[in-house]
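Letter by letter, the chains look like this.
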Amino acid sequence: MEKLKQINRKCKRFSARLKTSKGVLCVETPSTNIVLCNVGQATGFLKEDANNLLQELPTVDLLKYIAAKGESHSFLVFADVESSRLFHEAHNGKAKAMNGTVIYMNYVEGVPSDEILCTVNPPKGLKIIPDFITIEEEKEFITLFDWIDESNLKNRQVKHYGYEFRYGSNDVDLNAPLDKEIPPQCDILWDRLRAQGIAINVPDQLTVNKYLPGQGIPSHVDRHSPFGDTILSLSLGSDVVMDWKHHSNKYVPIVVPARSMLVMQEEARYDWQHAIQPRTWDPIVQIRKHERVITGDTRPRDTRISLTFRKTREGPCECCYNILCDRFKKDGELDNVLASHLEELHVHQVYEQIAGHFSTTRHKRWPRVDEFLQSIPSGAVLLDLGAGNGKNILNRNDILQIAGERSAGLLLECSAHTRAISGSDCVRLDLLHSPLRDECADVIICVAVIHHFCSEARRKQSILTIARLLRPGGVALITVWAKDQTKSNYLDTNKENRDTDLVTTIGGVNLPIHENRTQFQHSDLLVPWKLRQIRDKKLTNTSDTFLRYYHVFEDGELDDLCKPELKIENSFYEEGNWCVVCKKL
Amino acid sequence: MKLITHNMLTSKCLKGVVTGYPLSINATNINITEVDYNPEFITRIIPKLDWEVLWRAADSIGHSDGLPQTIEPKFEENNEFLKKAHRVLLEVDIEEGNLVCPESGRRFPISKGIPNMLLTEAEVQ
């Protein structure tokens, strides 16, 4: 009796805490829904653990286990009140989680939806033909490939036929065909495709990928120039969810069943990137009234083998989809068009996506920046180019402060923050095509901006803009991220550099993905930004991690970039950044 | 967008545009927001502005009342003038509307008080 009272007291306390901190309303009368007050995703409690609790309760019918990311509570939905009552009676204050925690629970009226609505249409030119081969044929195909001594990529095994696919350059060497041609057993596929009305040239290159559960492939587009307008992929062994991402930030998850043929043409071939998440499971995706719903349910993955067929070609690509096309790539230095596309994808769009969260992490001015700003004389015109959320706009009414920023999201934050400051205003602008008059500024600051330009030419152009906008004698403070992080707080000593993932972003440019809080290994790279949450349960991107492009600067590189248009007055390193104060003569 | 900012904006980056200055203003919503009055700041900033452009801009949106078309020699001693200048420069805030390039007619929308001066790749020099 005393024990029961104790449990009830505990439950009441949890109930109050859930109400105030999480807005979860617990109820006294049994309902079909139960909240597990002290176990969830954050405590390592899994769906399997929930299922284990059902073992002694054969009549209990559990429909759903819902655990939100980062929460230490979770929900159970039962088929009927009797089930939930039995469960509650059997386990409340008695059952233990794997780590020994005694589980406390309460009834709740409603549970949060764990479904995500995806309103984006699949890419144009993407066809998935289910049951393209029979189960018998699938077995035969699988036995075609043994996996002894095959090359191992970081996250999967591969084999090549016809030509070897070269992962560094993402193409093939047409002068070096392989002895192994595409197995003749594949020939049954071409007529079947034609019978479906799909016009194809017979492929001459095959890459076979073997994915164990947990393995995947980073987001990529098959390079344009080396391959023709149709790419085919036959799936064996396991269903998988393929994530499709358009450069306008549209995202759509698509189920690719075993034995299906995936045909990529038009936009799907040229204008979208696709990826397979490295997971042991896939979400169950349902189509309801033309809308795609990513349910909270999952199914385990099996070993999957995919046969990717391509037709090689020569010469620069002739597609009409510019953004991801590699025909703009020149040797070494990025072409201006390609650089601007890369910035659009990996700088501008990312800042729009993360603006709100980013802004909450940017409050404090760096000490030397603050010192510089405080010393600006009264009556000066200050331009803050790349102002972000406006954290560097001072609360001074004796200078004019114009915050220029490209991201609309950040500008709204900036405008809310600076509204009350007398001589301040916001303008949406691009630093390289700045809409301000020549020599209008006494002082310019450009903090943590220039490292986002993807080519040397564009970085130089940004310096030329600053020089153009400064009056003679005017000064600028410019800071960029330093490649050398050994003298900053950035490095996490517990972290080691891992093998870097390469992402083919656009135009066949491979960029390494940086491991946060480790020393930089490359000068041009993608830095992940982890978004805290998916807003409004509406999915806008493949995942909550966004990749920002950075060019990290070597010692002296910023000084060299500023000369000779600007005279360096002071050059220093602060908290992982190279900074210069320079003057227009 | 305040008129002090308008005084510095140009559409010169547009392909084929020579000066792109001054931009004309179509305002559909103007707010008057009172902010700190600092006569010293106004005194120091006026010589850095194109006064005629300011006056015309203010006039075109109906806020030139009592504002002289040219600056008098000892303006810094005229507190009444400085107050008027303060109001026009910093307190008249265009919330919604457009800026228009005088040469090409290209419109730059102003929304929530922020002019959008972004150009497409095809539009730049």
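Residues numbered from 1 in each chain as written. Chains lettered and ligands numbered in written order. Predicted model: local features only at pLDDT ≥ 70, side-chain atom pairs only at ≥ 80, totals over all residues. Heavy atoms only, no water.

Going by an unreviewed UniProt entry, chain B carries the name Multifunctional methyltransferase subunit TRM112-like protein and comes from Pieris macdunnoughi. Taken from UniProt, the Sequence similarities (unreviewed entry) comment for chain B reads in full: "Belongs to the TRM112 family." (UniProt positions renumbered as here; feature names shortened; annotations may be inferred.)

As recorded by an unreviewed UniProt entry, chain A carries the name Fe2OG dioxygenase domain-containing protein and is attributed to Pieris macdunnoughi. Checking UniProt for chain A, the heading Cofactor (unreviewed entry) contains the comment "Fe(2+)".

*Asks:* Report on the state of the cysteines, specifying residues and quantitative values.
*Replies:* Disulfide: a covalent bond formed between the sulfur atoms of two cysteine residues. Residues and elements named next belong to chain A. Counted according to the given criterion, the structure contains 0 disulfides over all chains. Considering cysteine sulfurs only, cysteine 37 is the nearest to cysteine 26, which forms no disulfide, with 5.6 Å between them. A relative accessible area of 5% places cysteine 37 in the buried class. (Disulfide = S-S within 2.5 Å. Buried < 20%, exposed > 50% of the residue type's maximum accessible area, 1.4 Å probe, protein only.)

*Asks:* Outline unusual backbone geometry, listing residues and values.
*Replies:* In this chain, lysine 563 of chain A is followed by proline 564 of chain A through a cis amide linkage whose omega measures 0 degrees. Tracing the backbone shows proline 564 of chain A in the loop between α11 (557–562) and β29 (566–574). Omega for the peptide link from tyrosine 21 of chain B to proline 22 of chain B comes to -10 degrees, which places this bond in the cis form. You can see proline 22 of chain B is positioned in the loop between α1 (3–6) and β1 (24–32). (Helix = DSSP H or I, 4+ residues; strand = E, 2+ residues; numbered from the N terminus.)

*Asks:* Explain the interface of chain A and chain B to me, using residue names and the numbers behind them.
*Replies:* Taken together, the contact pairs 35 residues of chain A with 32 residues of chain B. Both faces considered, chain A and chain B share a buried interface measuring about 2800 Å² in area, 58% of it formed by carbon and sulfur atoms. A per-residue breakdown of the area chain A buries against chain B is headed by Ser422, Arg428 and Arg437 of chain A, which together make up 21% of the total. Scanning the region where chain A abuts chain B turns up 3 salt bridges. For aspartate 442 of chain A, the salt bridge is made with lysine 48 of chain B, and the minimal N-O distance between the two is 2.6 Å. (Contact = heavy atoms within 4.5 Å. Buried area = accessible area lost by both parts, 1.4 Å probe. Salt bridge = Lys/Arg side-chain N within 4 Å of Asp/Glu carboxyl O.)

*Asks:* Give a description of the environment of histidine 451 of chain A that names residues and reports values.
*Replies:* Residues and elements named next belong to chain A. With respect to the element layout, histidine 451 can be found in the loop between β23 (441–447) and α10 (456–469). Between the C-alpha atoms of histidine 451 and valine 480, which are 29 residues apart in sequence, the distance is 5.6 Å. If near-sequence neighbours (up to four positions away) are discounted, histidine 451 is found in contact with Val480, Trp481, Tyr549, Tyr550, His551 and Phe553. Polar side-chain contacts of histidine 451 include one of 3.1 Å to the backbone oxygen of alanine 448. (Polar contact = N/O pair within 3.5 Å; in protein donor to acceptor, adjacent residues only side chain to side chain.)

*Asks:* I'd love a proper account of the sheet that holds strand β17 (residues 281–288) of chain A, names of residues and values included.
*Replies:* Residue and element names in this part refer to chain A. If you trace the 3 strands from one edge of the open sheet to the other, you get β6-β18-β17, paired in antiparallel fashion. Two strands in the sheet have a free side with no partner beyond their single neighbour: β6 (116–118) and β17. Within this sheet the neighbouring strands show an average axis-to-axis angle of 40 degrees, counted without direction. Of the strand pairs in this sheet, β17 and strand β18 (residues 291–300) are connected by 7 bridges, and their pairing is antiparallel. Bridging from a neighbouring strand, proline 283 pairs with threonine 298 of β18. (Pairing = 2+ DSSP bridges. Axes fitted to C-alpha atoms, helices over the stretch in contact; angles between N-to-C directions.)

*Asks:* Just give me the short version of the pattern of salt bridges, but keep the residues and values in it.
*Replies:* Any two side chains of opposite charge can pair, on the condition that their charged atoms come close. Under the defined criterion, the tally for this structure stands at 38 salt bridges over all chains. Here aspartate 171 of chain A and arginine 166 of chain A are joined by a salt bridge, their closest N and O atoms 3.1 Å apart. Measuring nitrogen to oxygen at the nearest pair gives 3.1 Å for the salt bridge that ties aspartate 438 of chain A to lysine 12 of chain B. Of this pair, aspartate 438 of chain A sits in the loop between β22 (424–428) and β23 while lysine 12 of chain B is found in the loop between α1 and β1, placing the two residues in two different chains. Since its relative accessible area comes to 36%, lysine 12 of chain B is described here as partly exposed. Through salt bridges with shared partners, a single ionic network connects Arg166, Asp171, Arg223 and Asp326 of chain A.

*Asks:* Could you give an account of the confidence of the model for chain B, with specific residues and numbers?
*Replies:* Mean pLDDT over chain B works out to 95, with 100% of the residues at or above the 70 mark. Confidence estimates for the predicted assembly give a pTM of 0.67 and an ipTM of 0.98. (pLDDT = per-residue confidence, 0-100.)

*Asks:* Can you tell me about helix α4 (residues 79–91) of chain B, naming the residues and giving the values?
*Replies:* Residues and elements named next belong to chain B. Along its 13 residues, α4 runs 17 Å from first to last C-alpha, staying within 8% of the 18 Å computed at 1.5 Å per residue. Those residues of α4 lying buried are Phe81, Leu82, Ala85, His86, Val88, Leu89, Leu90 and Glu91. Each element contacted by the buried residues of α4 is listed here: α1, β1, α2 (39–45), α3 (51–60) and β2 (92–100). Capping of α4 at its N-terminal end is provided by asparagine 78; its side-chain oxygen lies 3.2 Å from the backbone amide nitrogen of glutamate 80. (Expected span 1.5 Å × (residues − 1).)

*Asks:* Before we move on, can you summarise the side chain of aspartate 49 of chain A with the specific residues and values?
*Replies:* All names here are of chain A. Note on placement: aspartate 49 falls in helix α2 (residues 47–52). Here aspartate 49 sits buried without a salt bridge, and the closest side chain of opposite charge, lysine 47, lies 12 Å off (N-O distance). A distance of 2.8 Å separates the side chain of aspartate 49 from the backbone nitrogen of leucine 46, its partner in a polar contact. Ignoring any residue separated from it by four or fewer positions in sequence, one finds aspartate 49 in contact with Gly44 and Met98. (Lys, Arg positive; Asp, Glu negative; His and termini not counted.)

*Asks:* Please give an account of the packing of aromatic side chains that cites residues and values.
*Replies:* Residues and elements named next belong to chain A. Enumeration over the complete set of coordinates arrives at 16 aromatic pairs over all chains. Through pairs of rings, three or more aromatic residues link up here, namely Trp481, Tyr490, Phe520 and Tyr550. Of note, lysine 180 hangs over the ring of tyrosine 161, and the distance from its end group to the ring centre comes to 4.8 Å. The ring of tryptophan 281 has arginine 279 lying over it, and the distance from NZ or CZ to the ring centre is 4.7 Å. (Phe/Tyr/Trp six-rings, centres within 6.5 Å; stacked < 30°, edge-to-face > 60°. Lys NZ or Arg CZ within 6 Å of the ring centre and 35° of its normal.)

*Asks:* Summarise the side chain of glutamate 405 of chain A; cite the residues concerned and give the values.
*Replies:* Residue and element names in this part refer to chain A. In this fold, glutamate 405 is placed in strand β21 (residues 400–405). In this structure glutamate 405 is buried but unpaired, with arginine 428 as the nearest side chain of opposite charge at 7.4 Å. At a separation of 3.4 Å, a polar atom in the side chain of glutamate 405 contacts the main-chain amide nitrogen of alanine 387. Once residues lying within four places of it in the same chain are set aside, the contact partners of glutamate 405 are Gly386, Ala387, Gly388, Leu410, Leu411, Val427, Arg428 and Leu429.

*Asks:* I'd like a description of the sheet that holds strand β1 (residues 26–27) of chain A, backed by residues and values.
*Replies:* Residue and element names in this part refer to chain A. An order of β1-β5-β2-β4-β3 is seen for the 5 strands of this open sheet, with the pairing classed as antiparallel. Among the strands making up the open sheet, the edge pair consists of β1 and β3 (62–66). Taken together, the 4 bridges between strand β2 (residues 33–36) and strand β4 (residues 74–78) define a ladder with antiparallel strand orientation. Bridge pairing in β4 places leucine 36 opposite serine 74. Running at roughly 55 degrees to strand β5 (residues 105–108), helix α1 (residues 2–22) makes contact with β1, β2 and β5 of the sheet. Against the sheet, helix α3 (residues 81–91) engages β2, β4 and β5, with an angle of about 160 degrees to β5.

*Asks:* Tell me about the pairing of β22 of chain A, and name the residues and values.
*Replies:* All names here are of chain A. With 5 of 5 residues buried, β22 lies mostly within the body of the structure. Side chains Ser424, Cys426 and Arg428 of β22 all project onto a buried face; the interleaved residues Asp425 and Val427 project onto the opposite face, where all are buried too. Taken together, β21, helix α9 (residues 408–418) and β22 form a β-α-β motif whose crossover is right-handed. (Right-handed = clockwise from strand over helix to strand, strands pointing away.)

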